[in-house]
Amino acid sequence: MSTNKPAIPNTTVTRNVNDLDQKTGNIYESLVIISKRANQISNNMKEELHGKLAEFASSNDNLEEIFENREQIEISKHYERLPKPSLIAIDEFLNDKVYHRNPTKEQ
């Protein structure tokens, strides 16, 4: 995540439902779009985290290596401090950063 993005809160934020359904006209359609985007973000974050942690993987684990691997712990803590995927998805949706279309409405 880059530092030039607007700050996304790490906690629960009360949202106005009318803000969510303005773009689609249907709150349920908006929630489907947000949830699908949150799943995409979550999958990307998981792949990125597993890729970084795989660098530290060893074939023989012993007790000393578990306690000495501070870099792995710092990487994990960094990902724990990131905003949740659902909060990122809501922010992207409200700021028109998510492309969506409904094929049934296009016909």
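Not measured: the values here are computed from a predicted model. (Residues numbered from 1 in each chain as written. Predicted model: local features only at pLDDT ≥ 70, side-chain atom pairs only at ≥ 80, totals over all residues. Heavy atoms only, no water.)

Caption draft 1: Spotlight on the nonpolar core. With 19 residues, the main nonpolar core has Ile34 and Tyr79 as its most contacted residues. Of all the secondary structure elements, the ones that give two or more residues to this core are helix 2 (27–54), helix 4 (70–81) and helix 5 (85–94). In terms of residues, this core owes the most to one element, helix 2, which gives 8 residues. Filtering out sequence-adjacent residues up to four positions away, isoleucine 34 remains in contact with Leu20, Ala89, Ile90 and Phe93. (Core = buried A, V, L, I, M, F, W, Y, C linked by side-chain atoms within 4.5 Å. Buried < 20%, exposed > 50% of the residue type's maximum accessible area, 1.4 Å probe, protein only. Helix = DSSP H or I, 4+ residues; strand = E, 2+ residues; numbered from the N terminus. Contact = heavy atoms within 4.5 Å.)

Caption draft 2: Representation of the environment of histidine 50. Within the secondary structure, histidine 50 is located in helix 2. A relative accessible area of 53% means that histidine 50 is categorised as exposed. Sequence separation between histidine 50 and serine 76 is 26 residues, and the spatial gap between their C-alpha atoms is 9.8 Å.

Caption draft 3: Geometry of unusual backbone geometry. Positioned with a positive phi, aspartate 96 is a non-glycine residue whose angle comes to about 55°. Among the structural elements, aspartate 96 can be located in the loop between helix 5 and helix 6 (103–106).

Caption draft 4: Quick peek at the pattern of salt bridges. In the structure shown here, the tally under the stated rule is 3 salt bridges. Where lysine 52 meets glutamate 48, a salt bridge forms, and the shortest distance between an N and an O atom there is 3.8 Å. Taken together, the residues span about one helical turn, with lysine 52 and glutamate 48 both in helix 2 at a distance of 4 residues. Residue classification places lysine 52 among the partly exposed positions, given a relative accessible area of 33%. (Salt bridge = Lys/Arg side-chain N within 4 Å of Asp/Glu carboxyl O.)

Caption draft 5: Focus on the packing of helix 2 against helix 4. Contact geometry of helix 2 with helix 4 gives a least axis separation of 10 Å together with a crossing angle of 170°. With respect to helix 4, the axis of helix 2 lies roughly antiparallel. Residues Met45, Glu48, Leu49, Lys52 and Leu53 of helix 2 form the contact with helix 4, whose own contacting residues are Gln72, Ile75, Ser76 and Tyr79. Considering only residue class, the contact of helix 2 with helix 4 consists of 5 nonpolar, 2 polar and 2 charged. (Axes fitted to C-alpha atoms, helices over the stretch in contact; angles between N-to-C directions. Parallel < 35°, antiparallel > 145°, perpendicular 65-115°, else oblique. Nonpolar A, V, L, I, M, F, W, Y, C, P; charged D, E, K, R; others polar.)

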